[in-house]
Amino acid sequence: MKIAWVTYGFTEYSTLHVNALCEEHEVLLVMPRAEDGESEFEVDSRVKQVRFNKPRLRQPLKQIASVRDLVSQIDDFNPDVVHFQQGHMWFNAALKGLKRYPLVITIHDPRHHAGDTVSKKTPQWLMDYGFRKADHVIVHGKLLAQQVCDLFQFPEPRVHVIPHVAMGKFDSDSHVQEQPGTVLFFGRIYEYKGLKTLIAAEPLIAKHVDQFKIVIGGSGDDFEQYSSEMQNPDRFEVHNRWIGDDERAAFFQRCSMVVLPYNEATQSGVVPVAFNYAKPVVATSVGALVECVDHEQTGLLVPPKDPTLLAEAIVRLLQNPQEATQYGEAGKQMLDRDWSPTVVADQTASVYEQAIACHQNGIGHQPNSQPMAEVS
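Just so it is clear, the structure is predicted and the values come from calculations on it, not from any experiment. (Residues numbered from 1 in each chain as written. Predicted model: local features only at pLDDT ≥ 70, side-chain atom pairs only at ≥ 80, totals over all residues. Heavy atoms only, no water.)

## Brief notes about the overall build of the protein chain
How we decide: Going along the chain from the N terminus, every DSSP run of H or I of four or more residues is numbered as a helix, and every run of E of two or more is numbered as a strand. Computation of the radius of gyration draws on C-alpha atoms alone. For the globule rule, the value is 2.2 Å times the number of residues to the power 0.38. Using a 1.4 Å probe on the protein chains alone, a residue whose accessible area is under 20% of its type maximum counts as buried, one over 50% counts as exposed, and one in between counts as partly exposed. The contact criterion used is simple: two residues touch if any of their non-hydrogen atoms lie within 4.5 Å. For the area figures, the Shrake-Rupley method with a 1.4 Å probe applies, and any residue is considered shielded solely by the protein chains shown. Counting rule applied: Lys, Arg positive; Asp, Glu negative; His and chain ends not counted. Positions of charges follow a simple convention, taking NZ of Lys, CZ of Arg, CG of Asp or CD of Glu.
Helix and strand counts for the protein chain come out as 13 helices and 13 strands. Taken against the 2.2 N^0.38 rule, which gives 21 Å for 376 residues, the C-alpha radius of gyration of the protein chain at 21 Å falls within 12% of a compact globule. A total of 376 residues make up the protein chain; the buried ones form 55% of that total. For the protein chain, the share of sequence-separated contacts (at least 6 apart) that also reach a separation of at least 24 residues comes to 65%. Surface summary for the protein chain: the accessible area is close to 16,600 Å², and the carbon and sulfur share equals 48%. Here the protein chain contributes 35 positively and 48 negatively charged side chains, and the mean placements of these two sets differ by 7 Å.

## Quick word on the packing of helix α1 (residues 11–21) against helix α13 (residues 341–360)
Selection rule: Note on method: axes are straight lines fitted to C-alpha atoms, helices fitted across the in-contact stretch only, with angles between N-to-C directions ranging 0 to 180 degrees. Each angle is binned into one of four classes, with values under 35 degrees roughly parallel, values over 145 roughly antiparallel, values of 65 to 115 roughly perpendicular, and all other values oblique. Asp, Glu, Lys and Arg are counted as charged, while Ala, Val, Leu, Ile, Met, Phe, Trp, Tyr, Cys and Pro are counted as nonpolar; the rest, among them Gly, fall into the polar class.
Put simply, α1 and α13 touch, their axes get as near as 9 Å, and they point 75 degrees apart. Comparing their axes, α13 and α1 come out roughly perpendicular. Together, L16, H17, A20 and L21 of α1 and P341, T342, V344, A345, T348 and Y352 of α13 make up the contact between the two elements. In the contact of α1 with α13, the residues fall into seven nonpolar, three polar and no charged.

## Examining the packing of helix α6 (residues 195–206) against helix α11 (residues 307–319)
The cut-off we apply is this: Left-handed describes a crossing in which the near helix is turned anticlockwise from the far one by less than a right angle; the clockwise case is right-handed.
For the pair α6 and α11, interaxial distance at closest approach is 8 Å and the crossing angle is 60 degrees. Between α6 and α11, the crossing angle belongs to the class labelled oblique. Crossing handedness for the pair α6 and α11: right-handed. Of α11, the residues touching α6 (which contributes T197, L198, A200, A201, L204 and I205) are P307, T308, L310, A311, I314, V315 and L318. Class assignment for the residues of the contact of α6 with α11 results in 11 nonpolar, two polar and no charged.

## Section: the pattern of salt bridges
Basically, it comes down to this: The rule for a salt bridge is simple: a side-chain nitrogen of Lys or Arg has to be within 4 Å of a carboxyl oxygen of Asp or Glu.
Tallied over the full model, the rule gives 15 salt bridges. Among the ionic pairs, K48 bridges to E26, the shortest N-O distance being 3.0 Å. Placement of K48 in strand β3 (residues 48–52) and of E26 in strand β2 (residues 26–32) is noted, with a sequence separation of 22 residues between them. A relative accessible area of 43% means that K48 is categorised as partly exposed. A salt bridge links R235 to E202; the shortest N-O distance between them is 3.9 Å. Placement of R235 in the loop between α7 (224–227) and β10 (236–239) and of E202 in helix α6 is noted, with a sequence separation of 33 residues between them. For R235, a relative accessible area of 19% puts it in the buried group.

## Side note on the environment of C255
Along the chain, C255 falls in the loop between α8 (245–254) and β11 (257–260). Assessed through its relative accessible area of 0%, C255 is described here as buried. Each C-alpha atom of the pair C255 and V215 lies 8.3 Å from the other, and the pair is 40 residues apart in sequence. In this view, C255 contacts E178, T182, L184 and K279; residues no more than four positions away in its chain are not counted.

## Describing the packing of aromatic side chains
Quick reminder of the rule: Each aromatic pair joins two rings of Phe, Tyr and Trp (for Trp, the six-membered one) with centres within 6.5 Å, and gets the label stacked for planes under 30 degrees apart, edge-to-face for over 60, and tilted for any other angle. Think of it as a cone above the ring: NZ of Lys or CZ of Arg counts as a charge over the ring if it is within 6 Å of the ring centre and within 35 degrees of the ring normal.
Counted by the stated rule, this structure contains 14 aromatic pairs. Between Y190 and Y192, the aromatic rings sit 6.4 Å apart at their centres with planes inclined by 20 degrees, giving stacked as the arrangement. Note on Y190: relative accessible area 4%, which makes it buried. With a relative accessible area of 10%, Y192 lands in the buried category. Aromatic ring contacts, followed pair by pair, group Y8, F52, F84 and F91 into a single cluster. The residue whose ring lies beneath K2 is F77, and the NZ or CZ to ring-centre distance is 4.7 Å. A cation over a ring is seen here: K196 above Y226, with NZ or CZ 5.8 Å from the ring centre.

## Here we look at the sheet that holds strand β4 (residues 81–85)
Note the cut-off: By the convention used here, strands pair only if DSSP detects at least 2 bridges between them.
Spatially, β3-β2-β1-β4-β5-β6-β7 is the arrangement adopted by the seven strands of the open sheet, whose pairing is parallel. In this open sheet, the two edge strands, each paired with only one partner strand, are β3 and β7 (159–161). Looking at each pair of strands side by side, their axes are set apart by 20 degrees on average, direction ignored. Bridge analysis of β2 against β3 gives five bridges, and the strand direction is parallel. Across the sheet, the residue bridging to P32 is F52, located in β3.

## Quick word on the sheet that holds β10
Across the sheet, six strands lie side by side as β10-β9-β8-β11-β12-β13; this open sheet has parallel pairing. Pairing within the sheet leaves two strands with one partner each, and these edge strands are β10 and β13 (299–302). When the angles between neighbouring strand axes are averaged without regard to direction, this sheet yields 20 degrees. The sheet contacts of α11 involve β8 (182–186), β11, β12 (281–284) and β13, and relative to β13 the element is tilted by about 165 degrees.

## Here's the deal with the nonpolar core
Condition: The nonpolar core is taken to be a set of buried Ala, Val, Leu, Ile, Met, Phe, Trp, Tyr and Cys residues, with the residues joined through side-chain atoms within 4.5 Å.
In terms of nonpolar packing, the biggest core is built from 53 residues, with L184, F252, V258, L260, V271 and L289 touching the most fellow members. Residue contributions to this core peak at six residues, all from α13. Setting aside residues up to four positions removed in sequence, L289 forms contacts with L260, Y262, A265, T266, S268, V271, A283, T284 and L301. Of all hydrophobic cores here, the second largest spans 35 residues; its members include V71, V137, F152 and V159.

The values reported here are purely geometric and, on their own, carry no functional implication.
Right, dumping it as structure tokens:
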């Protein structure tokens, strides 16, 4: 197949996918150039690339010119299928111009998260417009599949659950020993990530464990609202900024566990990175996190917005390092078995084949008012 992979972000995720897909298919990667401070990932030489500079969203003339150029280059490639990641304010408006091609969209987030000011710059109705243009849809969890079908009334055979690809580079120069008692919160900091719950859990953890450190790495919200709630600031190590790839490796190598205290979630790219470094995960039972973290097998699940139960789970792993190691190793085994780029690429290619068949038969873009019985 000839596959045009289009994305305005998801850089590591996209690179891993196209590198695996190009083993058996001809692939065009349409992706922005890395901006200052962003990590660059090596794309297989067999992948054709269209790299572009992203105009600001509020520069309509530059956006229109950019989108027209991208569509023209996709037309020159003449793909059998176009695979678009999530959506983009200006490119969504151009999807009608690509309607002669079968369209697959991976919906990472069906709805904007609380506090995610970056995503909210694109109106939800415009994101929905793009989603509804898809012949077939990929999501990273059964709960997300149900949500997408409920929101858009897609026929169930058009919605596919495929695991989030295994992420986390190992060919970096970072070789950091694990530091026992290091609890890692990693990723962009928004309201829905539940960092305040982790901060509230700190004094509860301190009642049972003397030596521990909560490491926070990521950019996002004004951090004053979080630091002001820290009862014991010396227990925290804060890196409120963008974390590059090599430094990310050091963060995950150093920690003894990764904590996702989210108030709400769809899925998370932090989980596969944690498992890639064989680290156990303590997460809240929200969204598809319950499908990513197997309770008492690869980590521990607790209810959201509950500092007491979150603290208990963290204390359990801090006091039982052998159990934590077992969970981390089980997570790595699961990742290698089910989430490897090769496995995910094979499943994704199967979706492409179905989208092509539907498009050829003229049965795409047909909403279904019937309830979903089963999701493939």
